[in-house]
There are 2 protein chains.
Amino acid sequence: MQISPLEDKIPVMGAPPSPQVRSEGLHFLDGKRKVDYVLVFHQRRHSSIRSLVSGSVSQDQLSVVSNGNFPPTKGSDPATGRGADILGGEAASVGEVFMELGSAKGSEPMEAIDQEMHLIRQEFEANLLEAGLEIEREKEVKPNGPSFTRIHAPWPVLCREAEFLKIRVPTKASYELKEERGFGSSMSSIWRKLNQPFQPKVSLQDHGSTKFLSHCFSRDKLHLYNISSKDTFFDNATRGRIVYEILRRTVCVRTCQTIGISTLIAKGVYDSAFPLHDGDYKVIGHLEERNDRQVLHEEWARYSAFYKFQPIDLVRKYFGEKVGLYFAWLGVYTQLLVPASIVGIIVFGYGVATVDTNLPSLEMCDERFNFTMCPLCDGACDFWHLSTACGTARASHLFDNPATVFFAIFMSLWAVLFLEHWKRRQISLSFSWDLTGIEEDEEHPRPKYETILLQKRQRKQKTKKKRKKSEPAVDKLTWKDRLPGYFINISSILFMFGLTFSAVFGVIIYRITVSALMAMSPDPETKSNVRVTVTATAVIINLVVILVLDEIYGAVAQWLTELEIPKTETNFEERLIMKAFMLKFMNAYAPIFYVAFFKGRFVGRPGNYVYVFDNYRMEECAPGGCLIELCIQLSIIMLGKQLIQNNIFEIGIPKLKKLIRSLKEKEATPNAREDEKPPQQWNLDYALAPFDGLTPEYMEMIIQFGFVSLFVASFPLAPLFALLNNIIEIRLDAKKFVTELRRPVAARAKDIGIWYNILSGMGKLSVIINAFVISFTSDFIPRLVYQYMYSPSGTMHGFIDHTLSYFNVTNFKPGSAPQNSAHEDVTFCRYKDYREPPWSSDAYQLSKQYWSVLAARLAFVILFQNLVMFLGLIVAWVIPDVPKTIVEQLKREKKLLVNLFLQEEKEKFQLIQSLFTKDSILQSNSQPSNPSQGLPILGRYSTLPSGPAAGDGGGGGPRARCRAASFSQFSGKTCSSPKNENASSRQTAV
Amino acid sequence: MQISPLEDKIPVMGAPPSPQVRSEGLHFLDGKRKVDYVLVFHQRRHSSIRSLVSGSVSQDQLSVVSNGNFPPTKGSDPATGRGADILGGEAASVGEVFMELGSAKGSEPMEAIDQEMHLIRQEFEANLLEAGLEIEREKEVKPNGPSFTRIHAPWPVLCREAEFLKIRVPTKASYELKEERGFGSSMSSIWRKLNQPFQPKVSLQDHGSTKFLSHCFSRDKLHLYNISSKDTFFDNATRGRIVYEILRRTVCVRTCQTIGISTLIAKGVYDSAFPLHDGDYKVIGHLEERNDRQVLHEEWARYSAFYKFQPIDLVRKYFGEKVGLYFAWLGVYTQLLVPASIVGIIVFGYGVATVDTNLPSLEMCDERFNFTMCPLCDGACDFWHLSTACGTARASHLFDNPATVFFAIFMSLWAVLFLEHWKRRQISLSFSWDLTGIEEDEEHPRPKYETILLQKRQRKQKTKKKRKKSEPAVDKLTWKDRLPGYFINISSILFMFGLTFSAVFGVIIYRITVSALMAMSPDPETKSNVRVTVTATAVIINLVVILVLDEIYGAVAQWLTELEIPKTETNFEERLIMKAFMLKFMNAYAPIFYVAFFKGRFVGRPGNYVYVFDNYRMEECAPGGCLIELCIQLSIIMLGKQLIQNNIFEIGIPKLKKLIRSLKEKEATPNAREDEKPPQQWNLDYALAPFDGLTPEYMEMIIQFGFVSLFVASFPLAPLFALLNNIIEIRLDAKKFVTELRRPVAARAKDIGIWYNILSGMGKLSVIINAFVISFTSDFIPRLVYQYMYSPSGTMHGFIDHTLSYFNVTNFKPGSAPQNSAHEDVTFCRYKDYREPPWSSDAYQLSKQYWSVLAARLAFVILFQNLVMFLGLIVAWVIPDVPKTIVEQLKREKKLLVNLFLQEEKEKFQLIQSLFTKDSILQSNSQPSNPSQGLPILGRYSTLPSGPAAGDGGGGGPRARCRAASFSQFSGKTCSSPKNENASSRQTAV
């Protein structure tokens, strides 16, 4: 996949570009060397004044320090009209460069801090040069704006680092993927044809039936790789990663004792550092010459492509494995939501279809039964007829029917299936992306950690001087140093938990008081709308609270994690995720938990109600059951959260930020001559928002997964809404990555890390929660118990009557009986509970029915939980983690690799033998003219073995030795840099 | 650790041994080359007649084919008086040897099958020679007995294969383990002193504070390893493994199309194949010169060492990792049983201490309460007083008290802790045994599989000829081929499940009928002992049935797994384990499950009893509760199983087998001249029983783990008995391995495999089972419910009265009332159940109490299960899988290795530079005199780099290159054979 030049897109002002200049801003000024990374720093205002004065003088002056084969272009390119300072090549003695840079600027007047930063930058960039990178710098073009340092990694550096990083690259060897025959073949071709319209139009190497063997890059084995061009052998993402790796480990010893670019950014030495995008994302010219970014934009990052599969391989190629895994995960999740949605719709449809034949709701609506219910509030409320609540009863049946139980089991297994499926996909991806066996790189400590460690050391040294004792050197922070952090952490988290709970409680109080007040209002219109008004407003308040706290908690979690002073970035991320997840989870689900398990359970009974704040009765569930309330709560929070977060936080706020930034930029440079020259790619990219991790994206999805799995028993349509949201979400995220963010460094990752654990934990939690929702929140168990234990006819006839207890109206406490009752003749009113009737010996005590129903509910929980856990274990056991095809392919690849190298060893041996017989001398100075064509003999066969060992007892002929050697090198899955067998050195052993 | 010579132990008859002959039977006849492996085959009787005749002629004749540096000793050693045929060295053309062997014997008269076997042996051994092994053979010494082919692996073969197998060996580099300072140090030294008497007296390399870095063996890096002697660098177990590896993959093409020694053994070509023990296990001479086997025997494999830790490292060194892991696991399990036992004893002690203050049992024993109970059988039995059951009530309290609940939670967490602890230990071991990153070797198919595949191919070819269609070649067995096997499997397993259940049911019937018959007996003595007699005999019957079925099921599982035709040995083992475990688990626990959850639950009530077989009433639990019965059942089965299996199956039967074998041997060779010459080590080892896997050992322990974890709530002393058993078991197994079994091939294993999953599954199951035992089998919940819901005083007073329902004796069905009652005045009798009294409106219906207790029981199950699961998750999360010290050591080792090789690369580079400046020519013929001292220059530095690359832009100086190269080699945890960097081949790339 070659990067097409962008000549036709970016308008070039002034002189037409010379043929070498292939595209604006993607290469150095020579038009040859790719810009692999950009470092940005801001010139301060005071120095900018100076440069405004001197700028016009030095603007056209180029100072190039280079001893590569690139001709020095000092002042040779006046046509471009831009100043550039190119430094490259290792032979330019580092000290020299440093001195030169130092003397050139050291004499000018600058403030101390700026001076220091300047020196740090000089040393750092000198060290980059030493590491082999090449650097191009603009000479104070922009007086007050950002200054860009462009970095190019030449081929030898790429090779070195690729070997170091064990980057796997395709070899020349390829093999045919197994073709299915007969029935399977025709099926798969039909499948492929059916899939055609859903496939994105992306051409990638490995498509089709052949697969190239890949192997860790090694400079010894260059002849094995398919190197068509040194410029494109490593794609841009890999190049960026390689440069980042060097930036990360380059030290800065003299001017500041730090290591790596991230510390320098934290110290403010640099503003930011990023690899460049592949060019503009808008396609203007021919469709064939699209660069990867354009392809992604066309085929992936647009809403009209919503029905297509994602070009995951290209995403990975462009953004790296970590981002690729995120989108792959999102894709798998979305795909698996499809069956869940379908089943959810069917279950909902079952509810709709059976609502007219459902006996309990029919009995409730039937006015002939004439159940006189006890008043809903003290004094002001009157007795009422159950048939007036017919609507909620019917609505309740839509969600609370036997199919829901099936759906809950289905969704619990679905969660297991989803995790298993993802595990497989992850392994498939890590196979096709050659991630098997990559190891965690050792990480440098975070800047914050280092600063605090330094402070501790200094403190210790002071006390040491005082005490004059030999204490062990301080080499790490212990729990003692972190104690205050932990303390603040725990107290803050507890405080925030309290905050969440009080928010929930506040809403409850709001509901209770408002409904009591409205019930007392004389207006009948108000009275009749009490429930609807209160529920709706309360849920909206809940939603707003959740959204606000969500943002606050995100920031607080960040702050708290900083206080813990985690050592490495991974460590930081993990702790942050755990904290943020805990807080956000609590926040999002606390009101739902309340409605599901606590609302309406502490009401008391007529004549003995539970009161809060003196005379507000605890709230009850709707007459149709608590499930319908849970359903309303869940659906509004879920939909509201998704819609608002998508629209405002993901689209609105970034746009706003961008606007503000561009306004600021303009303000800062009122006399900018932007119209004078076209913006370079680095200018364009710098204008984009920086990439700051995938955590928010994952977090949003995981919370959504909670809505889909945790309370799915109460809302079968949740998967459908999640599906609709995700279809948009994928494209929204894609758009963000392609058009609105700077290109992230292509980070490697084997898996999605801690998110998998969180998902799996939620899956487990969902089993028990759904068990409780079905048995305690829904009416499923009472109905079953009635039908099989109490019903005289064995049907549901009389169920409503059975669930309502009697209350003797004379037993009302003084003042709590209805004051202006329209029902004068009432002696008994009914209420929903299982209690002994007033004429029983222990009146109003919990009845035998209550205990039998409770036992049945609890038994159901045990049964459900253990059944689902058992089925889950079976599902996880039946689905192998590694797909069979992958296992077979791995075996095959291993075999092929062994054969490949066996062949090579054999050839080598034959060559050596023929050389020995001819007794000729090797030409040791053969020119390596073109490495991809001529295979210089010396390179591969320079080791001179003294023939097969004929020592003591001589084990194994040459063949055996070859086999053993190549086996030991290539039977490993991990990258073991293959070595040229050193037959002569072996001889020393024999 | 050097292998000490055994001169002083084995009595040598005849001439005194020459100085070279270091020990009898551990070396070839030259006394130098170690016998690493022995192949045994039996001469048939007919040929033995021949050799009896010709034996005396050829006995002293030695034919040695060898071109190593070992001088041909043809007939030069008549003093030994034994014929030997030594073949060695690769240059002895294989064809030649084959021809020679063929012509030497081909002409003699033999039966066809024997002839064929002989030819196969010849080809196989010729191929072994080609692979570099050296072979010594006796020339028909024993006419009718076993013939031994001794195999020796010379140094080059060992090197080659060690590289191939990626065997890790210690390098010269070592590092100090971090010493704790201050308080920690003194604590650990105290700890060490306290531990001193428990440490076995074993000296091993790595002991102390230094640890040698280990690295995969590579012939390029010989100078890095600590090679003091080529004979002892690889220990005997490793040598055995290396030879086995060659034996396993050596093919036999001409005479029979098979691969590997195991197929040949299966075909009967060889009788057996095993590596030799290190000598005799009895120490006769000095203690200092003990060989490993003797050390193991002294310090490990004796009962008097029961209090000591196991010398696991030595066990691993001698028997290999797989056996080492078994004993390490057994050790961890036994150690962790200590705290469990202590807590169990305390819990039991609590029961003993509180038995006199326990109100329910006091009330039961109090004669003043005078509960008249309903008769236990129809007609014959009389009413009885509850106080007569005082004994069982008191006994019941010992096991059924609140502490039991705590103990059940404790033991569930203990199981989690055990698994986590073992995980850590396993990782520590795999670190110190250098097992990190070993891969599964590709396995050859089992002989059975190959045979059936061959048959299938032949069948297919026939049908192919008929149909003349081009079908795909048969390359594996599909499910179609296995269908009959699966069918038989499933039906057999179902049949055996049925068998187990009917055995359990049979014992129930026995109990019911016998107790009914005994109750009817006129003898009052018989009557009073009914319960004791019946229970005791029934449990013993159960035990016998379990023991018998256990053995049968073991054999059946083997047979069934063969029917499934698994492809590889690992596959076979896994399937066998699953099947055997399922059957044995069922068998051992079915009666216990019955007592725990079913006994006494289907009794019915007075006046409406449940009858089986017309007029036998279902059995009830003892008046003290079901838990005491469960306890008796569990303890007898557990103890009986352990005692009988240990004594009879593990000690008795092997002894018997040995006796029979030796008797047979004697019978077969009546005229053996055994007294004539001392038995060689291979004779001694051949007389031992073959090693046939660890499956039975693991299985026994896992079933025991079930007793300890599954029903531990009912029998807190189970861990104690398990502990006592295991202390013996370890030494018993050790004795077996050291003295009674042939030495197993030192197999590598990373973990204990499927057993871990089984253990973890049992841990999970134990949670739910214990929850049910506590809530349903014990009286814990009814007591709680009574105390907090029904007790008028809030104490346990009146609990017994509360649990007993009333029965009006006039409601007895005709004939079921007591016929000769001593209690004439009884109008109401009591029975244990929660039912409405006769005077209630719904008499004898389950009462409200029943339902409330049931609800409480179920709630407890939910609470217990989820609490324990949650705590288990926390425990597993808190304990990191990899110990911190290991993580740190790994990091340190990685760094050290990198430094080591960096140093080397630097030296090399400097050397090259100095050579270049001197412009001198390397001596290419330097003699590799002593590999451990002189480092021949050519071996390590024969690559001739043309100086630092000065190509286009030249990235990275030599230093950078060195760093990159060595990093890429040694940062891997897995064995990546390090390569000598080929600087010149790199140049081709630049």
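Residues numbered from 1 in each chain as written. Chains lettered and ligands numbered in written order. Predicted model: local features only at pLDDT ≥ 70, side-chain atom pairs only at ≥ 80, totals over all residues. Heavy atoms only, no water.

- As recorded by an unreviewed UniProt entry, chain A carries the name Anoctamin and is attributed to Oryzias latipes.
- Its UniProt record, at the heading Sequence similarities (unreviewed entry), says of chain A: "Belongs to the anoctamin family." (UniProt positions renumbered as here; feature names shortened; annotations may be inferred.)

Some thoughts on the pairing of strand S1 (residues 37-42) of chain B
Each regular strand carries side chains that alternate between the two faces of the sheet.
Residue and element names in this part refer to chain B.
Turning to step 1, where the next piece is worked out: In terms of residue burial, S1 counts as a mostly covered element, since five of its six residues are buried.
Turning to step 2, where the next piece is worked out: Pairing of S1 with strand S5 (residues 146-152), which is carried by six bridges, proceeds in the antiparallel orientation. Across the sheet, residue Val 40 finds its bridge partner in S5, namely Phe 148.
Turning to step 3, where the next piece is worked out: Sheet topology note: the S1/strand S10 (residues 272-274) ladder contains three bridges and is antiparallel. Along S10, the bridge assignment pairs Leu 39 with Ala 273. (Buried < 20%, exposed > 50% of the residue type's maximum accessible area, 1.4 Å probe, protein only. Helix = DSSP H or I, 4+ residues; strand = E, 2+ residues; numbered from the N terminus. Pairing = 2+ DSSP bridges.)

Examining the nonpolar core
Turning to step 1, where the next piece is worked out: Trp 329 and Phe 711 of chain A together with Trp 329 and Phe 711 of chain B are the most contacted members of the largest nonpolar core, which totals 252 residues.
Turning to step 2, where the next piece is worked out: Considering every element that reaches this core, the biggest residue donor is helix H18 (residues 569-598) of chain A, with 15 residues.
Turning to step 3, where the next piece is worked out: Sequence-distant contacts of Trp 329 of chain A, defined by excluding residues within four places in its chain, comprise Phe 418, Trp 422, Tyr 698, Met 701, Ile 702, Ile 752 and Leu 759 of chain A. (Core = buried A, V, L, I, M, F, W, Y, C linked by side-chain atoms within 4.5 Å. Contact = heavy atoms within 4.5 Å.)

As for the environment of Pro 339 of chain B
Turning to step 1, where the next piece is worked out: Here Pro 339 of chain B shows up in helix H10 (residues 321-354).
Turning to step 2, where the next piece is worked out: Distance in space between the C-alpha atoms of Pro 339 of chain B and Trp 414 of chain B is 9.2 Å, their sequence separation being 75 residues.

Description of the environment of Arg 248 of chain B
Turning to step 1, where the next piece is worked out: As for its placement among the helices and strands, Arg 248 of chain B is situated in helix H6 (residues 236-249).
Turning to step 2, where the next piece is worked out: In this structure the C-alpha to C-alpha distance between Arg 248 of chain B and Leu 560 of chain B, which are 312 residues apart in sequence, comes to 26 Å.

A few points about the state of the cysteines
Residues and elements named next belong to chain A.
Turning to step 1, where the next piece is worked out: Counting across every chain of the model gives six disulfides over all chains.
Turning to step 2, where the next piece is worked out: Note on cysteine connectivity: Cys 374 is disulfide-linked to Cys 829, with sulfurs 1.8 Å apart. With the S-S bond torsion at 85°, the cross-link from Cys 374 to Cys 829 turns out right-handed. Taken together, the positions of Cys 374 in the loop between strand S11 (372-373) and strand S12 (384-385) and Cys 829 in strand S18 (residues 828-832) put the pair 455 residues apart, joining distant regions of the chain. One exposure class covers both Cys 374 and Cys 829, and it is buried.
Turning to step 3, where the next piece is worked out: The side chain of Cys 621 participates in a disulfide bridge whose partner is Cys 626; the two sulfur atoms lie 1.9 Å from each other. In this structure, the disulfide formed by Cys 621 and Cys 626 twists by about 100° around the S-S bond and is classed as right-handed.
Turning to step 4, where the next piece is worked out: Note on Cys 626: relative accessible area 11%, which makes it buried. (Disulfide = S-S within 2.5 Å.)

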